[in-house]
Amino acid sequence: MKVCRLAAVAAALSMFGFMHTALAEDAPKAITIATEGAYAPWNFTNADGKLDGLEIELANNLCERMKVKCTIIAQDWDGLIPSLKVGKFDVIMASMFITPKRLETIDFTQPYAIDPGGFAAAKDSDLGKLGASTEKFKLDDEAASQAAVDKLKPLLKGKVVGVQAATAMLEFVKKYFGDTVEIREYKTTEQHDLDLAAGRIDAIFAQKTALAATLAKPEFSGFTVAGPGFVGGLFGAGTGAGLRKEDAKLKEMLNDAISAAIADGTIKRISEKWVKTDVTPVK
């Protein structure tokens, strides 16, 4: 009987060892990360033709922590989720908000950034005269956020607002200002920036850090971020890395790496370098 019990224990340990090995083998050794490459300063193509920006530096840092070889590629915004699902790459890091709608088709890590959306307009416009504000409204607080929207509407009535297509930014403008402004959709934020500078549109709506980077350019000296920022609601839980629902091990690895990058101040350091403010999610 004792021999049988020992044999059973040995068999169980052997099976545990096999399962442990199998689980370890599930951890990827190499992954491909896709970014848009056209959303400075979060991700963009620099003068040398290489991808650069906050998310590129962060992606490389996370890969080092995970001890995984990473290849980072550019992919048009509207093709990011479809291409992820068919296996063209493994992870999306492209300033993509974690929203309930996106969670229906793909999964996300915990957020690695929180960045409000806001308007930019000419300084001498009705909206521009508000100037920049550090005030943020949570869309989940319907009364407070609607009051903020109602204050902005008279300043935007009849104006043309540019916003990137297929984004939470577009959904926000449609929902809260669709009855007030003419919405013009753009494939990239760079395109609506150019039209703003040329006077073909009256305002743009984007992440405030991206707006700050745009307005730092000499040709935008006559423009300003205008009014408060908006978070939550349509903008979800923040910005995270997108991945396929079945890639549970990769999600676990990325979450561990993001947690470590938050804890040791890496995300704070990288974000202050690129967007001049700390976008670290508050735990």
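Residues numbered from 1 in each chain as written. Predicted model: local features only at pLDDT ≥ 70, side-chain atom pairs only at ≥ 80, totals over all residues. Heavy atoms only, no water.

- Looking up the protein in an unreviewed UniProt entry gives the name Transporter substrate-binding domain-containing protein, with the organism given as Mesorhizobium opportunistum.
- As stated in UniProt under Sequence similarities (unreviewed entry), the record for the protein gives "Belongs to the bacterial solute-binding protein 3 family."
- Its UniProt record gives the protein a comment under Subcellular location (unreviewed entry), which states: "Cell envelope". (UniProt positions renumbered as here; feature names shortened; annotations may be inferred.)

1. Some details on the sheet that holds strand 10 (residues 160-164)
Thinking step 1. What the six strands build is an open sheet, ordered 9-13-8-12-10-11; its pairing is mixed. In the strand order of this sheet, the two ends are held by strand 9 (132-138) and strand 11 (182-186), each with one partner. Each adjacent strand pair in this sheet contributes to an overall mean axis angle of 25°, direction not counted.
Thinking step 2. As paired strands, strand 9 and strand 13 (residues 223-231) are joined by four bridges and run parallel to one another. The partner of A132 across the bridge, within strand 13, is G227.
Thinking step 3. Against the sheet, helix 5 (residues 142-156) touches strand 8 (117-122), strand 9, strand 10, strand 12 (203-207) and strand 13, its axis set at about 155° to strand 13.
Thinking step 4. Contacts between helix 7 (residues 189-197) and the sheet are confined to strand 10, strand 11, strand 12 and strand 13, with strand 12 contributing the most and set at about 150° to the helix. (Pairing = 2+ DSSP bridges. Helix = DSSP H or I, 4+ residues; strand = E, 2+ residues; numbered from the N terminus. Axes fitted to C-alpha atoms, helices over the stretch in contact; angles between N-to-C directions. Contact = heavy atoms within 4.5 Å.)

2. Overview of the environment of K157
Thinking step 1. If you trace the backbone, K157 turns up in the loop between helix 5 and strand 10.
Thinking step 2. A sequence separation of 23 residues divides K157 from T180, and the C-alpha atoms of the two residues are 5.0 Å apart.

3. A few points about the sheet that holds strand 4 (residues 51-52)
Thinking step 1. The strand order across the open sheet formed by three strands is 2-3-4, and the pairing between neighbours is antiparallel. At either end of the open sheet lies a strand with only one pairing partner, and these are strand 2 (38-39) and strand 4.

4. What about the UniProt feature "domain: Solute-binding protein family 3/N-terminal" (unreviewed entry) in the protein?
Thinking step 1. Per the UniProt record, the feature "domain: Solute-binding protein family 3/N-terminal" (unreviewed entry) sits at residues 30-278.
Thinking step 2. For the annotated span residues 30-278, helix accounts for 37% and strand for 25% of the residues, and the straight-line distance between the end C-alpha atoms is 30 Å.

5. Some remarks on unusual backbone geometry
Most of the time, phi is negative for any residue but glycine, and the peptide bond is trans.
Thinking step 1. Residues A40 and P41 are joined by a peptide bond in cis, for which omega reads 0°.
Thinking step 2. Of note, P41 is situated in the loop between strand 2 and strand 3 (43-45).
Thinking step 3. Phi angles above zero are rare outside glycine, and K67 is one such case at about 60°.
Thinking step 4. Relative to the helices and strands, K67 resides in the loop between helix 2 (54-66) and strand 5 (69-74).
Thinking step 5. Although it is not a glycine, A166 adopts a positive phi angle of roughly 60°.

6. Details of the domain arrangement of the protein
Thinking step 1. Each assigned domain of the protein is listed here: domain 1 (30-113 + 235-273) and domain 2 (115-233).
Thinking step 2. Inter-centroid distance (C-alpha atoms) of domain 1 to domain 2 is 25 Å.
Thinking step 3. Across the boundary between the two partners, domain 1 contributes 16 residues, which contact 23 residues of domain 2.
Thinking step 4. With both sides pooled, the region where domain 1 packs onto domain 2 buries about 1,500 Å², and carbon together with sulfur makes up 54% of that total.
Thinking step 5. The largest share of the area that domain 1 buries against domain 2 comes from Y39, W77 and F235, three residues that together contribute 43% of it.
Thinking step 6. Here domain 1 and domain 2 share two salt bridges between them.
Thinking step 7. When the shortest N-O distance is used, the salt bridge between K187 and D76 registers 3.8 Å. (Domains from an automatic or database assignment. Buried area = accessible area lost by both parts, 1.4 Å probe. Salt bridge = Lys/Arg side-chain N within 4 Å of Asp/Glu carboxyl O.)

7. Some remarks on the nonpolar core
Thinking step 1. Residues I31, I33, L62, M66, V91, M93 and Y112 are the most contacted members of the largest nonpolar core, which totals 46 residues.
Thinking step 2. Residue assignment for this core shows that the elements contributing at least two residues are strand 1 (30-35), helix 2, strand 8, strand 12, helix 8 (208-215), strand 13, helix 9 (248-263) and helix 10 (266-275).
Thinking step 3. Each of domain 1 (30-113 + 235-273) and domain 2 (115-233) gives at least three residues to this core.
Thinking step 4. Residues within four places of M93 in sequence aside, it is in contact with I33, A34, T35, N43, E55, L58, A59, L62, Y112 and A241.
Thinking step 5. Within the second largest apolar cluster, 25 residues are counted, among which are A148, V149, V173 and A226. (Core = buried A, V, L, I, M, F, W, Y, C linked by side-chain atoms within 4.5 Å. Buried < 20%, exposed > 50% of the residue type's maximum accessible area, 1.4 Å probe, protein only.)

8. Notes on helix 10
Thinking step 1. Residues of helix 10 that are buried: T266, I267, I270, S271, W274 and V275. Buried positions in helix 10, seen along its axis, are confined to an arc of 115° and lie on one side of it.
Thinking step 2. As for helix 10, its buried residues are in contact with strand 3, strand 4, helix 2, helix 8 and helix 9. (Arc of directions from axis to C-beta.)

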